[in-house]
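Understanding the architecture of this molecule
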Amino acid sequence: NSKVIQTPRYLVKGQGQKAKMRCIPEKGHPVVFWYQQNKNNEFKFLINFQNQEVLQQIDMTEKRFSAECPSNSPCSLEIQSSEAGDSALYLCASSLGGGRAETLYFGSGTRLTVL
Amino acid sequence: AQSVTQPDARVTVSEGASLQLRCKYSYSATPYLFWYVQYPRQGLQLLLKYYSGDPVVQGVNSFEAEFSKSNSSFHLQKASVHWSDSAVYFCALTGTQVVGQLTFGRGTRLQVYA
């Protein structure tokens, strides 16, 4: 079973509010991913890190989303000004890195509802 | 561009029956393919993966999948399902843009009835 821990489980925000969620990757995993899963089961890659460095992020992430993975602290994903379209399940995953065949280990997710 | 298609949004089978969940992919190079399962209120768990060698790969909980390059498919199979297999199953592949970045299908919801 995955040991990726995500908090909080549920998050409810009004439009324009900040929304912040956290992730503790599996011990020893240097690579962390954030995905958005909407109600239609469409997944969108948001950003990934290796140790504390951003490897790649999509345009959406660059504008309203911010993320970090400080050493010795949980990783976090924050939406600066929430929009209704941000309502989704946000999944954090970690891996040992190394290649395309690497297995990603997912947390249970943070379900964000933007009213 | 790469894509994954799972043509069946829902599959219903009786307990003890055999199962096939279909997955078709589109990718110009050698695909790295995965099946993940998502149980209610949980994250995704890896069932199995393929990246080379024997086209039939064995996974956890008696699942297996067969890779076919000619058909661009990676169907998931199980000889005898149990009610606890009820979940949403996702087929995915990785491309070369970002190591580990997955392109997912829209999932197949499996309902096993007694």
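Presented here is an overview of the structure given in this document. (Residues numbered from 1 in each chain as written. Chains lettered and ligands numbered in written order. Predicted model: local features only at pLDDT ≥ 70, side-chain atom pairs only at ≥ 80, totals over all residues. Heavy atoms only, no water.)

So, about the interface of chain A and chain B. Contacts between the two partners involve 24 residues from chain A and, on the opposite side, 29 residues from chain B. Overall, the association of chain A and chain B removes approximately 2100 Å² of surface from exposure, summing both partners, and the carbon and sulfur fraction of that is 54%. Our enumeration of links across chain A and chain B arrives at one salt bridge. The partner of R106 of chain B in a salt bridge is E42 of chain A, and the shortest N-O contact between them spans 3.3 Å. Between the two partners, chain A and chain B, sit seven residue pairs in polar contact (both at pLDDT 80 or more). Elements that contribute at least two residues to the side of chain A that touches chain B include exactly β4 (31–37), β5 (43–50) and β9 (88–95) of chain A. Looking at the side of chain A that touches chain B residue by residue, the class counts come to 10 nonpolar, 10 polar and four charged. (Contact = heavy atoms within 4.5 Å. Buried area = accessible area lost by both parts, 1.4 Å probe. Salt bridge = Lys/Arg side-chain N within 4 Å of Asp/Glu carboxyl O. Polar contact = N/O pair within 3.5 Å; in protein donor to acceptor, adjacent residues only side chain to side chain. Helix = DSSP H or I, 4+ residues; strand = E, 2+ residues; numbered from the N terminus. Nonpolar A, V, L, I, M, F, W, Y, C, P; charged D, E, K, R; others polar.)

All names here are of chain B. Across the eight residues of strand β10 (residues 87–94), eight count as buried, placing the element largely inside the fold. Covered by surrounding structure in β10 are A87, Y89, C91 and L93 together with V88, F90, A92 and T94, the residues of both alternating faces. Pairing of β10 with strand β12 (residues 108–113) involves three bridges; the strand directions are antiparallel. Its bridge partner lying in β12, V88 is registered against R109. (Buried < 20%, exposed > 50% of the residue type's maximum accessible area, 1.4 Å probe, protein only. Pairing = 2+ DSSP bridges.)

A word on the environment of G97 of chain A. Relative to the elements of secondary structure, G97 of chain A occurs in the loop between β9 and β10 (105–106). Distance from G97 of chain A to H29 of chain A, taken between C-alpha atoms, is 7.5 Å for residues 68 residues apart in sequence.

Further remarks concern the state of the cysteines. Taken as a whole and judged by the stated rule, the model has three disulfides over all chains. Put simply, C23 of chain A and C92 of chain A are joined by a disulfide, and their sulfur atoms are 1.9 Å apart. Of note, the bridge from C23 of chain A to C92 of chain A carries an S-S torsion of about -65° and is left-handed in sense. With C23 of chain A in strand β3 (residues 19–24) and C92 of chain A in strand β9, this residue pair connects regions lying 69 residues apart in the sequence. Residue pairing for C23 of chain B: its cysteine sulfur links by disulfide to C91 of chain B, the two sulfurs lying 2.0 Å apart. Classification of the bridge connecting C23 of chain B and C91 of chain B rests on its S-S torsion, roughly -65°, and on that basis the disulfide is left-handed. Highlighted residues: C23 of chain B in the loop between β3 (19–21) and β4 (24–26) and C91 of chain B in strand β10, separated in sequence by 68 residues. The class for C23 of chain B is buried, based on a relative accessible area of 0%. (Disulfide = S-S within 2.5 Å.)

Further remarks concern the pattern of salt bridges. For the structure shown, the criterion picks out five salt bridges over all chains. A salt bridge links R64 of chain A to E83 of chain A; the nearest nitrogen and oxygen atoms lie 3.4 Å apart. Linking R64 of chain A in the loop between α1 (59–63) and β7 (65–68) with E83 of chain A in the loop between β8 (75–79) and β9, this pair joins segments that are 19 residues apart in sequence. Note that D8 of chain B is salt-bridged to R22 of chain B, the shortest N-O span being 2.9 Å. Of this pair, D8 of chain B sits in the loop between β1 (3–5) and β2 (10–14) while R22 of chain B is found in the loop between β3 and β4, placing the two residues 14 residues apart along the sequence. Its relative accessible area of 36% is what places R22 of chain B among the partly exposed residues. One network of salt bridges, in which partners are shared, links R64, E83 and D86 of chain A.

Looking now at the nonpolar core. Core analysis: the biggest nonpolar cluster contains 28 residues, and L19, W35, L47, L48, F74, L76 and Y89 of chain B have the highest contact counts within it. The set of elements that each furnish at least two residues to this core consists of β2, β3, β5 (32–38), β6 (44–50), β8 (64–68), β9 (73–78), β10 and β12 of chain B. For this core, the element with the highest residue contribution is β10 of chain B, accounting for four residues. Apart from residues lying up to four places away in sequence, Y89 of chain B is in contact with Q6, L21, W35, Y36, V37, L47, F63, L76, G107, T108 and L110 of chain B. I47, F65, C75 and Y90 of chain A belong to the second-largest nonpolar core, a separate cluster that totals 20 residues. (Core = buried A, V, L, I, M, F, W, Y, C linked by side-chain atoms within 4.5 Å.)

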